[in-house]
Amino acid sequence: MAVGDYYLPYTSTPFEGPEKLLEIWFAPSPAHVPDAHAPKNGRIGLRNVPKQVWEDMLDIVKCKVLSVIEGEETDAYLLSESSLFVFPHRIILKTCGTTLNLLGLPRILEIAHKFASLPSVYRCFYSRKSFMFPERQLGPHREWKDEVSFLDAIFPNGAAYTVGKVNGDHWLLYLTTPGQSGVNGETAPSSPISFSSSPLQSESGEENETNQTLQNIEIDTPFTQDYTIEILMSNLSHKARESFFLAPPVQDTPSESPSIIGRTLSSTIGISDLFPPHLTTLDAYAFDPCGYSSNALLKWSDGIEDGCGGEGYYTIHVTPEEGWSYASFECNVPLSTSPSSSAKDIPDLHTLIRRVVDIFQPGRLSLTLFISNANNNNAEEDEDETAVEAAQRTFKSALTAQRSVSCSSGGSVTGDGSEQKDRMLYKRTDKINYQFGGYNLAFASFEFR
């Protein structure tokens, strides 16, 4: 297939873009790690684990470290298959392809115990979108039930859920909640004590809407802010995909490094402008012959009006081949559902969704917002409107309302350029709200009209 003056290489082997996402909390917050008041070179908890130790763990998972950016609160590892984020009290391992994500879990528990004196798990989350090619997966990742069985062997009282249409795009989640540690300091699950499930509302028609409540008796533990937005996109447009294929090298011309190409590409297509550049430290990588990954650390306390905040992240991974094209965006910076006041501010949720979707132009996408109950009231925009209800309203308005896109000459979406084009419009095909012990979830799926 021709693109510009060169041809997109044909790959006979499909690549699984949708990632497996493992997040393990060993304490409620950085303040709860044993060495919180005795930092070593400004580092506490899991951030004191040597890089080589993490690399040895990643050998089990079957991926490699490409680069690292070290922030004030977080270390962001860009991997050959997605990303690893290390905080003082928790770790996020996100891997794509046929990586063996869960096989790294036992080693992670050993590392936390040995190097950070964190012998027990406060919370564990494992999630993923439905695979495109499940038959290609290995180990416990062949089927969801096998993944659940693997996790149940470590966390006896964990809970597993399928969110969305089983015969369509859906999102799978396994989680535990804070519980008691085992005797003798061994790693013990943070698991639900009891669960009940009852439907809140069901509607049929153009949109399949389901609300379910999953409540448990929680132990009274301190709650820190937690917020994660994911935009999971497939069937990317031809125009969006072509940017992620490298042009053939020019003879007798020095080749640029994948990191330099990745940063240039990020600027050209608008990824560098998703958040204010002065708040962002971006690490990007362009794969040969195709593909893209980036991690970014964000000083979001400098971009919001009340001054609260800290250091957050976003991560993007792109598989551009036709037939299994996929892009994912994930961010843990709390985003308002009220309009931001200026371009120097952290964008509101509505603006961010539009910026991301304008870059990748997917035929289908799913959005998830996972937010701790402690923040629910803080994010309410209208009287009696919860954070997830506000998010669902924002998802729909960002993707279904007619509006032109303004592009700069370089192709990035800036909102103030002169080139105009029609925005892709979507219809919502699924809307689901969940209430878990300590967390709320908003899930929605959209298709191009």
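Look up a bit, the structure's there.
The structure contained in this document is the topic of the report that follows. (Residues numbered from 1 in each chain as written. Predicted model: local features only at pLDDT ≥ 70, side-chain atom pairs only at ≥ 80, totals over all residues. Heavy atoms only, no water.)

**Let's talk about the packing of helix α1 (residues 51–61) against helix α2 (residues 105–116)**
We count it as follows: The convention used is that axes are lines fitted to C-alpha atoms, helices contributing only their stretch in contact, and that angles between N-to-C directions extend from 0 to 180 degrees. Counting from the N terminus, the helices are the DSSP runs of H or I reaching at least four residues and the strands are the DSSP runs of E reaching at least two. Relative orientations are named as follows: roughly parallel for angles under 35 degrees, roughly antiparallel for angles over 145 degrees, roughly perpendicular for angles from 65 to 115 degrees, and oblique for any other angle. Rotating anticlockwise by less than a right angle from the far helix to the near helix defines a left-handed crossing, while the corresponding clockwise rotation defines a right-handed one. Only heavy atoms matter for contacts: two residues are in contact if any of them lie within 4.5 Å across the pair.
Look at α1 against α2: their axes get within 10 Å of each other, and the N-to-C directions meet at 165 degrees. By the criterion of interaxial angle, the relationship of α1 to α2 is roughly antiparallel. Where α1 crosses over α2, the two elements pack in a sense that is right-handed. From α1, V53, W54, M57 and I60 reach across to α2, where they touch R107, I108, I111 and F115.

**Quick word on the packing of helix α6 (residues 349–360) against helix α7 (residues 387–400)**
Two measures define how a pair of helices packs: the angle their axes make with one another and the distance between the axes. For clarity, the threshold we go by: Just so you know the grouping, Ala, Val, Leu, Ile, Met, Phe, Trp, Tyr, Cys and Pro go in nonpolar, Asp, Glu, Lys and Arg go in charged, and all remaining residues, Gly too, go in polar.
Between α6 and α7, the shortest axis-to-axis distance is 9 Å and the interhelical angle comes to 45 degrees. Considered as vectors, α6 and α7 are oriented oblique to each other. Once α6 is placed against α7, the crossing between them reads as right-handed. Contacts between α6 and α7 involve L349, H350, I353, R354 and V357 on the former and, on the latter, A391, T394, F395, S397, A398 and L399. Here the contact of α6 with α7 is built from residues that sort into seven nonpolar, three polar and one charged.

**Some words on the pattern of salt bridges**
To be explicit about the condition: For this document, the term salt bridge refers to a Lys or Arg side-chain nitrogen within 4 Å of an Asp or Glu carboxyl oxygen. Per-residue accessibility, obtained with a 1.4 Å probe over protein chains only, is compared with the maximum for each type, and a residue is labelled buried under 20%, exposed over 50%, and partly exposed between these values.
Evaluation of the coordinates by the stated rule reveals 14 salt bridges. Put simply, R90 and E23 hold a salt bridge, and the shortest N to O gap is 2.6 Å. Placement of R90 in strand β7 (residues 90–95) and of E23 in strand β3 (residues 20–25) is noted, with a sequence separation of 67 residues between them. Since its relative accessible area comes to 7%, R90 is described here as buried. A salt bridge links K94 to E330; the nearest nitrogen and oxygen atoms lie 2.7 Å apart. In this pair, K94 is assigned in strand β7 and E330 in strand β17 (residues 326–331), connecting sequence segments 236 residues apart. Each member of the pair, K94 together with E330, is buried. Look at the salt bridges and you will find they share partners, linking R43, R47, E70 and D75 into a network.

**With respect to the sheet that holds strand β4 (residues 65–70)**
Note the cut-off: For two strands to count as paired, DSSP must find a minimum of two bridges between them.
With respect to topology, eight strands assemble into an open sheet ordered β4-β5-β6-β7-β3-β8-β10-β9, the strand pairing being antiparallel. In the strand order of this sheet, the two ends are held by β4 and β9 (159–164), each with one partner. Averaged over all adjacent pairs, the angle separating strand axes in this sheet is 15 degrees, with direction ignored. Sheet analysis places strand β8 (residues 123–129) next to strand β10 (residues 170–175), joined by five bridges and oriented antiparallel. Directly across from S127, in β10, lies its bridge partner L173.

**Some details on the pairing of strand β13 (residues 227–236)**
Burial analysis of β13 places nine of its ten residues in the buried class, the great majority of the element. Note: β13 against strand β18 (residues 362–372), nine bridges, orientation antiparallel. Counterpart to T228 in the pairing with β18 is F370. Pairing between β13 and β17: six bridges, direction antiparallel. From the neighbouring strand, I231 faces β17, where its bridge partner is F329.

**Describing the packing of aromatic side chains**
Heads up, the condition is: Each aromatic pair joins two rings of Phe, Tyr and Trp (for Trp, the six-membered one) with centres within 6.5 Å, and gets the label stacked for planes under 30 degrees apart, edge-to-face for over 60, and tilted for any other angle.
Inspection of the entire model under this criterion finds 18 aromatic pairs. With centroids separated by 5.2 Å and ring planes inclined at 75 degrees, the aromatic side chains of F125 and Y439 adopt a geometry described as edge-to-face. Of the two residues, F125 sits in strand β8 while Y439 sits in strand β22 (residues 439–448), which places them 314 residues apart along the sequence. Here F125 matches Y439 in class, with each residue buried. Measuring from centroid to centroid gives 6.3 Å for Y161 and Y434, while their planes differ by 50 degrees, and the two rings are tilted. In this pair, Y161 is assigned in strand β9 and Y434 in strand β21 (residues 426–435), connecting sequence segments 273 residues apart. Its relative accessible area of 12% is what places Y161 among the buried residues. We classify Y434 as buried; its relative accessible area is 6%. Pairwise contacts between aromatic rings join F125, Y161, W171, F370, Y434, F436 and Y439 into one cluster.

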